[in-house]
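# Chains, contacts and geometry: an overview
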Amino acid sequence: MPDPLVLFARAVDFAARRHVHQRRKGMAAEPYVNHVIEVAHLLAEATGGADLVLILGGLLHDTIEDTGTTHDEIANAFGREVADLVAEVTDDKSLPKAERKRLQVETAPHKSIRARMVKLADKISNLRAITTSPPADWSLERRRAYFVWAAQVVDGCRGVSPVLEADFDRAYAAGFPPPGTKPTES
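These notes cover the structure that comes with them. (Residues numbered from 1 in each chain as written. Predicted model: local features only at pLDDT ≥ 70, side-chain atom pairs only at ≥ 80, totals over all residues. Heavy atoms only, no water.)

### Section: the pattern of salt bridges
- This model, assessed by the stated rule, comprises 12 salt bridges.
- Ionic pairing is found between R17 and D13, a salt bridge with its closest N-O pair at 2.8 Å. One end of the pair, R17, and the other, D13, are both in helix α1 (residues 4–18), 4 residues apart, so they sit about a helical turn from each other.
- Judged by its relative accessible area of 58%, R17 falls in the exposed class.
- For D13, a relative accessible area of 36% puts it in the partly exposed group.
- The residue D167 makes a salt bridge to R170 at a minimum N-O spacing of 2.4 Å. Of this pair, D167 and R170 both sit in helix α10 (residues 162–175), separated by 3 residues, roughly a single helical turn.
- Using a relative accessible area of 52% as the deciding quantity, one classes R170 as exposed.
- In the salt-bridge network here, residues are joined through shared partners; they are D51, E81 and R114. (Salt bridge = Lys/Arg side-chain N within 4 Å of Asp/Glu carboxyl O. Helix = DSSP H or I, 4+ residues; strand = E, 2+ residues; numbered from the N terminus. Buried < 20%, exposed > 50% of the residue type's maximum accessible area, 1.4 Å probe, protein only.)

### Quick word on the packing of aromatic side chains
- The final tally for this structure, using the stated rule, is 5 aromatic pairs.
- Ring geometry for W138 and Y146: centres 6.0 Å apart, planes at 45°, overall tilted. Side by side, W138 and Y146 carry an identical accessibility label, which is buried.
- Cluster of aromatic residues (ring-pair linked, three or more members): W138, Y146 and W149.
- Positioned above the aromatic ring of W149, the side-chain terminus of K101 is 4.8 Å from the ring centre. (Phe/Tyr/Trp six-rings, centres within 6.5 Å; stacked < 30°, edge-to-face > 60°. Lys NZ or Arg CZ within 6 Å of the ring centre and 35° of its normal.)

### Observations regarding the side chain of D91
- Summarising the element assignment, D91 is placed in the loop between α6 (80–88) and α7 (97–107).
- A polar contact is formed between the side chain of D91 and the side chain of Q104, at a distance of 2.8 Å.
- The residues contacting D91, other than those within four sequence positions of it, are E65, R100, Q104 and K119. (Polar contact = N/O pair within 3.5 Å; in protein donor to acceptor, adjacent residues only side chain to side chain. Contact = heavy atoms within 4.5 Å.)

### Observations concerning the nonpolar core
- Ranked by size, the top nonpolar core spans 48 residues in total, and within it L43, L60, F78, V82, L127, L164 and F168 carry the most contacts.
- Secondary-structure elements contributing two or more residues to this core are α1, α2 (33–47), α3 (52–60), α5 (71–78), α6, α8 (113–132), α9 (140–155) and α10. (Core = buried A, V, L, I, M, F, W, Y, C linked by side-chain atoms within 4.5 Å.)

### Topic: α5
- For α5, the full list of buried residues reads I74, A75 and F78. The buried residues of α5 occupy an angular sector of 100° when projected down its axis, which confines them to one face.
- In this fold, the buried residues of α5 make contact with α1, α3, α4 (63–67) and α6.
- G79 sits one or two positions beyond α5 and adopts a positive phi of about 100°. (Arc of directions from axis to C-beta.)

Below is the structure:
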């Protein structure tokens, strides 16, 4: 197996190339690769960098779902364990969006510890993005609905990482404050 730093660099390069033409939905339209790097960063911080498979899974978590990358491609480049983790957090895009969202809530508690950690980090990144750069066509009601749904998914992921859970709770509070207060300005 290659040196962990070399493998990490390969995964960053792989993710960047696979997501090269994608942008985030927010008004800033930042490169999508920023999202997967943030997810990997959150996972690295939460584990002290101790779980390379988890960090690589974070970097690659959207490649099957969003880029047409196959499980075999990931397995050949980064090992079956990483590929299986990516597959475990991949939504079935052939299903309607509402069904995919329902399934995320329903299946979250039954995922592996690593998959639940990736889901937590993914939702943290998404809430932060919606708070700082919401999609222009998303009403406040739609943003709030996303936050509520994300919290339902995360409720099924709790118990695997106090660090990520605290990060999620802070991101949720920043973008979905108690009634009578306004979301924080960035």
